[in-house]
Amino acid sequence: MISGKTTDGSSRVGFIYGITLQIALPGQSQVPYTARKNIEVSLKNPPHMAQDKRSIDQTPEWKALEQHWQDMCCLHMRELFQKDLNRCERFSLSACGLHLDYSKNLIDAKGMDLLLDLARAAELSRWGDSLLAGDKVNTTEGRAVLHMALRNLGYREYQYEGRDIMPDIRAVLSRMRTFTEDVRSGRWLGYTGQRISDIVSIGIGGSSLGPKMVCEALRPYQWDDLRIHFVSNVDGSHLAQTLRTLNPATTLFVIASKTFTTQETITNAESARDWLLKSLFSEAAVERHFVAVSTNTEAVAEFGINPANMFEFWEWVGGRYSLWSAIGLPIALAIGMESFEELLLGAHDMDEHFVEEPPETNMPIILALLGIWYTNFGQADSYAVIPYDQYLRYLPAFLQQLDMESNGKRVTRDGVPVSYQTGPVVWGEPGTDAQHSFFQLIHQGTRLIPTDFVLPLRSHNPIGSHHDKLVANCLAQAQALMTGRTEEEALHEMRAAKVDEESIEQLLPHRVFPGNRPSNMLVMDKLTPRVLGALIALYEHKIFVQGIVWGVDSFDQWGVELGKQLAGHILQNFKKTACSPGVDCSTASLIRRYHLAITGDDDER
Ligand code: F6P
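Residues numbered from 1 in each chain as written. Predicted model: local features only at pLDDT ≥ 70, side-chain atom pairs only at ≥ 80, totals over all residues. Heavy atoms only, no water.

**Observations regarding the overall build of the protein chain**
The helix and strand tally for the protein chain stands at 24 helices and 13 strands. Against the globule reference of 25 Å for 605 residues, the protein chain gives a C-alpha radius of gyration of 26 Å, in line with a compact fold. If one aligns the C-alpha atoms of the protein chain with their principal axes, the spans along those axes are about 75 × 70 × 60 Å. For the protein chain, the residues scored as buried account for 55% of the 605 residues in total. When contacts within the protein chain are restricted to residue pairs at least 6 apart in sequence, long-range pairs at least 24 apart make up 74% of them. When the accessible surface of the protein chain is totalled, it reaches about 26400 Å², and 51% of it is carbon and sulfur. (Helix = DSSP H or I, 4+ residues; strand = E, 2+ residues; numbered from the N terminus. Rg over C-alpha atoms; globule rule 2.2 N^0.38 Å. Buried < 20%, exposed > 50% of the residue type's maximum accessible area, 1.4 Å probe, protein only. Contact = heavy atoms within 4.5 Å. Areas by Shrake-Rupley, 256 points an atom, 1.4 Å probe, with all protein chains shown as cover.)

Below you can see the structure in the form of structure tokens.
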């Protein structure tokens with residue numbers, strides 16, 4: 001047994017290498033996850049290499065779940081609540097500042113057990129060990145996945161190819177601290193000697209969605225003196241509209257790109273540089289107004305950014321998991337380094353929970369398995385995420401990339417087409433707005449749409465009765481989805497309202513709500529940097545667990561390549577007088593239309 005102390009002097013346990021690290025934080029289980037499984041692990045290679053190749057849907061665990069769905073789907077959650085007065089306590093848990101009430105799911109104790117069996121059959125524990133050990137679990141790209149190291153504010157060791165990576169991580173964090181303090185205090189000045197008033201972060205996908213979502217979520221922690229803007233779309237309107245009100249002399253650009261080759265980002269960065277030079281006239285100004293976040297020093301230098309103004313991260317950080325790295329620089333600039341570190345700490349709290357907590361009380365594992373329950377056994381195609389907090393309005397968009405780019409896969413890690421559904425469609429909008437747009441379909445449509453409600457109990461803006469109303473609406477939606485309204489109840493209501501019998505007959509079917517529609521309620525006290533970090537990490541780990549069960553590589557994104565490649569060819573075609581042979585007639589005709597629109601010249605294309 002190996003033991004270790006955390007920086008705060010407390011102790012904890014972990015599943016790294018399947019070794020017991022015997023220490024426990026207050027309120028956390030002392031039973032380490034891996035030890036409970038008592039599995040012999042070889043970590044030289046990712047577990048799939050030693051695994052038998054049986055598809056997960058051919059396992060007895062999967063079959064048992066299919067049968068159990070048949071047993072459950074004829075029940076109504078109303079009955080489950082009536083039969084078990086402790087249902088809410090039984091199906092709720094708290095961790096890292098989050099409380100998850102998952103009692104409004106069409107699940108029982110047996111179902112949860114069967115789902116946990118499925119996770120075991122998929123060797124979740126071994127994959128967890130492998131992830132932590134820095135094995136190349138992103139098998140198709142031959143990369144490790146070590147974003148947990150980026151927020152490792154505890155004692156854990158993270159190694160990559162036999163090297164401790166924590167010193168590099170800490171060195172970049174320290175550079176970020178100096179830089180953000182310099183900018184925020186006015187020590188870092190623009191080329192003409194003025195203070196920076198606006199940060200424009202240029203990046204796309206994982207190099208934008210995370211920082212943008214977090215900056216908005218933590219707006220109450222931002223300074224009014226330093227405004228943050230995000231430009232991602234190659235549509236020139238995005239950049240032009242953003243720059244319209246800005247002063248080049250007081251604007252700092254953060255060019256965020258892991259590869260530093262992404263078409264959208266480089267195009268926007270070049271146009272931003274032209275905009276700057278048009279008013280500051282000197283190439284020397286670029287040094288004071290452009291910094292880069294990347295893994296590609298050469299391309300950064302080639303672009304004209306001084307590598308001294310580059311913040312490094314590493315190939316083992318996946319784009320959509322990168323907000324914890326220097327990609328989070330705009331966050332640190334917006335809310336200050338201390339709050340940024342709080343965000344890291346919150347994610348670290350969730351990492352420790354994920355690593356240490358037994359599966360049956362492990363929040364990411366439970367969320368993941370409930371998702372699998374509906375996707376694979378209830379045939380749900382999507383799930384909705386509805387934050388009841390305006391500051392979390394970009395959470396659904398962020399989760400779309402996190403989840404759909406991770407688990408939107410049709411073959412397993414071994415390249416075998418799957419015979420079951422994988423990643424669902426993720427969508428959502430903040431409540432209460434969402435109630436007045438698509439909730440009709442969630443309540444009375446024909447599809448099963450499991451819903452995650454995210455609710456801070458205390459507002460950053462407690463004015464009048466707003467927050468009471470917001471919370472009441474959130475709780476009511478979850479309740480309505482679960483209970484529905486029976487024909488009898490609808491009838492009773494209409495009669496009480498003195499509706500005439502003819503109208504009742506006509507309206508009755510429309511006023512019935514079937515209910516039995518599942519939801520999770522994720523509650524926090526207040527939306528702080530720390531709890532936000534935990535919330536994001538919760539979804540990251542949930543997605544990891546699902547990817548393991550589905551047997552897919554959650555860390556590659558080959559699906560975005562073809563479109564990028566074809567856009568390159570089409571761009572070439574714009575320069576030619578005739579389309580390249582082999583272009584289909586639909587695309588060729590659209591190219592011709594575009595050419596005509598911009599030149600007025602209908603040539604032979
Ligand atoms: O959309 C594909 C993708 O590779 C994402 O995974 C990534 O977050 C984004 O493009 C941006 O890539 P980069 O940071 O290299 O510019």
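**Quick notes on the packing of helix H17 (residues 395-407) against helix H22 (residues 529-550)**
H22 packs onto H17 with a crossing angle of 25° between their chain directions and a minimal axis gap of 10 Å. Judged by the inter-axis angle, H17 sits roughly parallel to H22. Handedness of the H17/H22 crossing: right-handed. Of the residues in H22, those in contact with Leu395, Phe398, Leu399, Leu402, Asp403, Ser406 and Asn407 of H17 are Leu535, Ile536, Tyr539, Glu540, Lys542, Ile543, Gln546, Gly547 and Trp550. (Axes fitted to C-alpha atoms, helices over the stretch in contact; angles between N-to-C directions. Parallel < 35°, antiparallel > 145°, perpendicular 65-115°, else oblique. Left-handed = near helix turned anticlockwise from the far one by under 90°.)

**What about the nonpolar core?**
Leu98, Met176, Trp316, Leu532 and Leu535 are the most contacted members of the largest nonpolar core, which has 127 residues in total. Met176 has contacts with Phe311, Ser325, Ala326, Gly328, Leu329, Ala332, Met337 and Phe340, leaving out every residue within four places of it along the chain. Formed by 26 residues, the second largest nonpolar core is a distinct cluster that contains Val200, Leu243, Leu246 and Ala285. (Core = buried A, V, L, I, M, F, W, Y, C linked by side-chain atoms within 4.5 Å.)

**Thoughts on the packing of aromatic side chains**
One pass over the full model with this rule turns up 21 aromatic pairs. Pairing Trp62 with Tyr420 gives two aromatic rings, centres 5.4 Å apart and planes at 50°, and the pair type is tilted. Pair noted here: Trp62 is in helix H2 (residues 60-72) and Tyr420 is in the loop between H17 and strand S11 (425-427), with a separation of 358 residues, a long-range link. Neither Trp62 nor Tyr420 differs from the other in exposure class; each is buried. (Phe/Tyr/Trp six-rings, centres within 6.5 Å; stacked < 30°, edge-to-face > 60°.)

**A word on the sheet that holds strand S5 (residues 198-202)**
Taken in spatial order, the five strands line up as S6-S5-S7-S8-S9 in an open sheet, and their pairing is parallel. Strand pairing shows two members of the sheet lacking a second neighbour, strand S6 (227-231) and strand S9 (310-312), which therefore form its edges. Neighbour-to-neighbour, the strand axes of the sheet open up by a mean angle of 20°, direction not taken into account. Summarising the sheet, S5 and strand S7 (residues 251-256) pair through five bridges and their orientation is parallel. Residue Ile199 lies in a different strand from S7, and its bridge partner there is Leu252. Contacts from helix H11 (residues 263-280) reach S5, S6, S7 and strand S8 (290-294), with the element oriented near 160° to S7. (Pairing = 2+ DSSP bridges.)

**Observations concerning the site of the ligand**
The full set close to the ligand counts 13 residues, and Ser207, Ser257, Thr259, Thr262 and Glu405 are the nearest of them. In this structure, Ser207 approaches the ligand through a side-chain N or O atom, which is 2.6 Å from an oxygen atom. Here an oxygen atom of the ligand and a side-chain polar atom of Gln401 are 3.4 Å apart. About the coverage of the ligand: the protein hides 86% of its 390 Å² of free accessible area. Residues belonging to the shell around the ligand are distributed by class as follows: two nonpolar, nine polar and two charged. (Near = heavy atom within 4 Å. Polar contact = N/O pair within 3.5 Å; in protein donor to acceptor, adjacent residues only side chain to side chain. Nonpolar A, V, L, I, M, F, W, Y, C, P; charged D, E, K, R; others polar.)

**Concerning the sheet that holds strand S13 (residues 519-526)**
Judged by pairing direction, the sheet is mixed, and its six strands sit side by side in the order S1-S2-S13-S12-S10-S11 without closing on themselves. Edge positions in the sheet fall to strand S1 (92-95) and S11, since each of these pairs with one other strand and no more. If you compare each strand with its neighbour and ignore which way they point, the axes differ by 15° on average. Bridge count for strand S12 (residues 451-458) against S13 is seven bridges, and the pairing is parallel. Each residue of the ladder has a partner; that of Leu455, found in S13, is Val523. Sheet strands touched by helix H19 (residues 466-483): S12 and S13. Its angle to S12, the strand with the most contacts, is close to 150°.

**Comments concerning the packing of H2 against helix H5 (residues 109-121)**
One way to put it is that H2 packs onto H5 with a least axis distance of 9 Å and a crossing angle of 155°. In terms of orientation, H2 lies roughly antiparallel with respect to H5. Where H2 crosses over H5, the handedness of that crossing is left-handed. On the side of H2, the interface is formed by Glu61, Trp62, Ala64, Leu65 and His68, while H5 contributes Lys110, Gly111, Leu114, Leu115, Asp117, Leu118 and Ala121. Class assignment of the residues belonging to the contact of H2 with H5 gives a composition of seven nonpolar, two polar and three charged.

**Description of the environment of Ala292**
Topologically, Ala292 is positioned in strand S8. According to the relative accessible area criterion, Ala292 is buried, its value standing at 0%. Here the alpha-carbon distance between Ala292 and Asn306, two residues 14 residues apart in the chain, equals 8.7 Å. If sequence neighbours within four positions are ignored, Ala292 has contacts with Ile255, Phe260, Val300, Ile305, Asn309, Met310 and Phe311.

**A few points about the pattern of salt bridges**
Overall, the coordinates contain 25 salt bridges when judged by the stated rule. For Lys136, the salt bridge is made with Glu161, and the minimal N-O distance between the two is 2.8 Å. In this pair, Lys136 sits in the loop between helix H6 (124-132) and helix H7 (147-150) while Glu161 sits in the loop between strand S3 (159-160) and strand S4 (163-164), placing the two residues 25 residues apart along the sequence. Look at Lys136 and you get partly exposed, because its relative accessible area is 31%. Glu161 gets classed as exposed once you look at its relative accessible area, which sits at 60%. Note that Glu561 is salt-bridged to Lys564, the shortest N-O span being 3.8 Å. Of this pair, Glu561 and Lys564 both sit in helix H23 (residues 561-575), three residues apart, which is roughly one turn of that helix. Here Glu561 falls in the partly exposed class, since its relative accessible area comes to 34%. Since its relative accessible area comes to 52%, Lys564 is described here as exposed. Residues joined by salt bridges that share partners form a network here, namely Glu141, Arg143 and Glu315. (Salt bridge = Lys/Arg side-chain N within 4 Å of Asp/Glu carboxyl O.)

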